[in-house]
Amino acid sequence: MKPDPTRPAQANNVAAPSPEAILRAVELLRQGQVIGLPTETVYGLAGDGLNPIALARIFEVKQRPLFDPLILHFADAAAAFDVAEQIPTSARELAQRFWPGPLTLVLPKKGIVPDLATSGLPHVALRVPAHPVAQALLRAFNGPLAAPSANRFGRISPTDAQAVRIELGEVVPLILDGGACAVGVESTVLFLAEPQPVLLRAGGIPLEEIEEVIGPVRHAAPVEDRPQSPGQLKHHYAPRKPLWLVLSAAQIPSRADAGWLAFGPQAEFLGRMENISPTGNLREAAANFFRALRSLDDDPRVNTIYAMPLPAEGLGLAINERLERAAG
Ligand code: TXA
Ligand code: MG
C-alpha cells in the first residue's frame, strides 16, 4: 500500500491486538513506557506496576496528582494476592465470585509494591480484568500492570480506542484496540484492609451483589480534598460544558442547544438527545454512559447538558455517582 501523503507518518498509534502487537506492547512496557489498554470497564493507561519510572510516567501523562494511587492489574487472583500482606476470607470469597471482572480490592501491601503505586499508602488496590486483550497482555508481560483510566485527570473516561486516541494523542506509543468496553463504568473499589468493608467507589459490580457474598458494606461519602480514595473527589469525570442534574424531564428546557443524557422511553426532544438505554436497562446504560457524555460534550450544537438521576439500584448507583461528579 502506498503511504497517504495527507497523513503524517505514524499518525496512528492505534493497533489491532494481534500477537505481534501484544509482543510490541510487552517490549514497550519492559522499557518503562506506557500504553493504552482495553479492559471490560474502561480503557487503561498501563505501565509496569513494579517500575517506579513507568509509574511516574503514568502520573505525568495523565496529569494526575501524586496523592491519587493506582490500581495494579493481574492475570489471576493468585498473582494479585501475592503482593498483599494479609488476605481476609472476604477477599478470597469475592475474588472467587467476581474475578476476572470489574472489582478492585484494597488490601495491606507487601514491600515489593512501589510507594508511587499506592501514593505512600500502606495498602494496594488489586484487580483482575476480564477483557481478553488485557488477559493476553498480562500473561505475556508476566507481572502487574498499573492502569488508571486513560483520560487526563478529572476528564471523561474513554470506552473505546478512538476516545483514548483523542484524549492522549501521540503521547503514548501504542493503543491496543479491543473494541468498545462491555461494562462501560470503572470497577467497584472495595476497601478490605480493616474488618469493616468500605465501598470507596461504586462501579461495574453492583453493591447488592457484593453484599450477597460478604454482608453489609459501609458506603464512604464523597469528600472535598484529601480523600481516603481520591476517586471520591467531588469534581471528576467532568465534561467541558456545564452539566445540570434535574429531577424531572419538565425541568429540561426544550431548546435546540440543550443536550439530554436520557434513560428509558422518552418523547421527542427539540435539542440533542443521547439515550443511554431507551428500554431502561441499567447494564446497557452503563455501557453507553461515558460515550454518550463525550458525544454531547463534543457536539458543537450543544451548550448545556441535562440529565436525571437513574434508579439508585444495581449499576444505577455507579452511574449516578459519576453524574453527580460530572455536575460538580
Ligand atoms: O475499572 C477500573 O478500575 C479502571 C480500569 C482501567 O481498570 N481503572 C481505574 O483506575 O478506574 P483509576 O486510577 O482511574 O481509579 C482508581 C481508583 C481511584 O479512585 C483511587 O483513588 C482508588 O482506585 N485507589 C487506588 N489505590 C487505592 C488505595 N491504596 N487506597 C484507596 N483507594 C485507592
Ligand atoms: Mg479514572
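Residues numbered from 1 in each chain as written. Chains lettered and ligands numbered in written order. Predicted model: local features only at pLDDT ≥ 70, side-chain atom pairs only at ≥ 80, totals over all residues. Heavy atoms only, no water.

A.B. asks: Is there a simple way to think about the overall build of the chain in this case?
C.D. replies: Scanning the chain from terminus to terminus reveals ten helices and 15 strands. Viewed in the frame of its principal axes, the chain has a C-alpha envelope of about 60 × 55 × 35 Å. Put simply, the chain has 328 residues, and 57% of those count as buried. Split by element, the accessible area of the chain, about 14,200 Å² in all, is 55% carbon and sulfur. Here the chain holds 30 positive side-chain charges and 34 negative ones, and the gap between their average locations is 4 Å. (Helix = DSSP H or I, 4+ residues; strand = E, 2+ residues; numbered from the N terminus. Buried < 20%, exposed > 50% of the residue type's maximum accessible area, 1.4 Å probe, protein only. Areas by Shrake-Rupley, 256 points an atom, 1.4 Å probe, with all protein chains shown as cover. Lys, Arg positive; Asp, Glu negative; His and termini not counted. Charge placed at Lys NZ, Arg CZ, Asp CG, Glu CD.)

A.B. asks: Explain the packing of helix 4 (residues 89-98) against helix 8 (residues 207-214) here, please?
C.D. replies: A pair of packed helices can be characterised by two numbers: the angle between their axes and the separation between those axes. As a packed pair, helix 4 and helix 8 sit with axes 10 Å apart at the nearest point and diverge in direction by 130 degrees. By the angle between their directions, the pair helix 4 and helix 8 is classed as oblique. Taken as a pair, helix 4 and helix 8 cross one another with a handedness that is right-handed. Contact residues: helix 4 offers Ser 90, Glu 93, Leu 94, Arg 97 and Phe 98, while helix 8 offers Glu 209, Ile 210, Glu 212, Val 213 and Ile 214. Of the residues in the contact of helix 4 with helix 8, the class split is five nonpolar, one polar and four charged. (Axes fitted to C-alpha atoms, helices over the stretch in contact; angles between N-to-C directions. Parallel < 35°, antiparallel > 145°, perpendicular 65-115°, else oblique. Left-handed = near helix turned anticlockwise from the far one by under 90°. Contact = heavy atoms within 4.5 Å. Nonpolar A, V, L, I, M, F, W, Y, C, P; charged D, E, K, R; others polar.)

A.B. asks: For this particular structure, what's the right way to read the confidence of the model for the chain?
C.D. replies: Parts of the model with low pLDDT should not have their predicted coordinates read in detail. On average, residues of the chain score 92 in pLDDT, and 92% of them are at 70 or above. Note that residues 1-11 has pLDDT below 50 and, in this model, four contacts with residues that lie over four places away or in other chains. Between residues 223-227, whose pLDDT stays under 50, and residues either more than four places distant or in other chains, the model counts ten contacts. (pLDDT = per-residue confidence, 0-100.)

A.B. asks: I would appreciate a short explanation of the pairing of strand 9 (residues 188-191) in the present structure.
C.D. replies: Remark: a regular strand shows side chains that alternate across the two faces of the sheet. The two faces of strand 9 match: Thr 188 and Leu 190 on one face and Val 189 and Phe 191 on the other face are all buried. Where strand 5 (residues 103-108) and strand 9 come together, four bridges link them in parallel fashion. Residue Val 106 lies in a different strand from strand 9, and its bridge partner there is Phe 191. Where strand 9 folds back onto strand 10 (residues 198-201) in an antiparallel hairpin, the turn is made up of six residues. (Pairing = 2+ DSSP bridges.)

A.B. asks: Would you mind showing me how to read the packing of aromatic side chains here?
C.D. replies: Geometry of an aromatic ring pair is reported as the spacing of the ring centres plus the angle between the planes. Per the counting criterion, the structure on display carries three aromatic pairs. A ring pair is formed by Phe 81 and Trp 99, whose centres lie 5.5 Å apart and whose planes are at 40 degrees; its orientation type is tilted. Within this pair, whereas Phe 81 is found in helix 3 (residues 77-81), its partner Trp 99 is found in the loop between helix 4 and strand 5, the two being separated by 18 residues in sequence. (Phe/Tyr/Trp six-rings, centres within 6.5 Å; stacked < 30°, edge-to-face > 60°.)

A.B. asks: So what exactly am I meant to see when it comes to helix 10 (residues 316-327) here?
C.D. replies: Working note: α-helix, 3.6 residues per turn, so residues spaced by three or four point in the same direction. Given a rise of 1.5 Å per residue, twelve residues ought to cover 16 Å, and the 16 Å separating the end C-alpha atoms of helix 10 matches this to within 8%. Burial within helix 10 is extensive, with nine of its twelve residues counted as buried. Considered for burial, the residues of helix 10 that qualify are Gly 316, Ala 318, Ile 319, Asn 320, Glu 321, Arg 322, Leu 323, Arg 325 and Ala 326. Tucked into the core, helix 10 has its buried residues touching strand 10, strand 11 (218-219), strand 12 (243-245), strand 13 (258-262), helix 9 (282-298) and strand 15 (304-307). Directly after helix 10, the chain includes Gly 328, whose backbone phi takes a positive value near 60 degrees. (Expected span 1.5 Å × (residues − 1).)

A.B. asks: Any chance you could explain the nonpolar core here in plain terms?
C.D. replies: One recurring pattern in soluble globular proteins: nonpolar side chains tend to sit buried together. By size, the foremost hydrophobic cluster in this structure holds 70 residues, and its most contacted members are Leu 94, Trp 99, Leu 105, Leu 126, Leu 190 and Ile 210. The element that contributes the greatest number of residues to this core is helix 9, accounting for eight residues. Excluding residues within four positions of it along the chain, Leu 190 makes contact with Leu 94, Thr 104, Leu 105, Val 106, Val 198, Leu 199, Ile 210, Ile 214 and Val 217. Within the second largest apolar cluster, 20 residues are counted, among which are Val 26, Ala 75, Leu 138 and Leu 176. (Core = buried A, V, L, I, M, F, W, Y, C linked by side-chain atoms within 4.5 Å.)

A.B. asks: What exactly am I supposed to notice about the environment of Thr 39 here?
C.D. replies: If you trace the backbone, Thr 39 turns up in the loop between strand 2 (35-37) and strand 3 (44-48). Owing to a relative accessible area of 3%, Thr 39 belongs among the buried residues under this scheme. For the pair formed by Thr 39 and Val 246, sequence separation is 207 residues and the distance between their alpha carbons is 32 Å. With sequence-adjacent residues up to four places away left out, Thr 39 is seen in contact with Arg 127, Pro 129, His 131 and Cys 181. Within polar-contact distance, the side chain of Thr 39 engages the side chain of Thr 41 at 2.8 Å. Here Arg 127 takes part through its side chain, which lies 3.0 Å from a polar atom of the side chain of Thr 39. (Polar contact = N/O pair within 3.5 Å; in protein donor to acceptor, adjacent residues only side chain to side chain.)

A.B. asks: Explain the pairing of strand 15 to me, please; I cannot follow it from the model alone.
C.D. replies: Residues Thr 304 and Tyr 306 point to one face of strand 15 and Ile 305 and Ala 307 to the other, with burial holding for every one of them. For strand 12 and strand 15, the ladder comprises three bridges, and the chain directions are parallel. Bridged to Leu 245 within strand 15 is Ala 307. Pairing between strand 13 and strand 15: four bridges, direction parallel. For Ala 258, the partnering residue across the bridge sits in strand 15 and is Thr 304.

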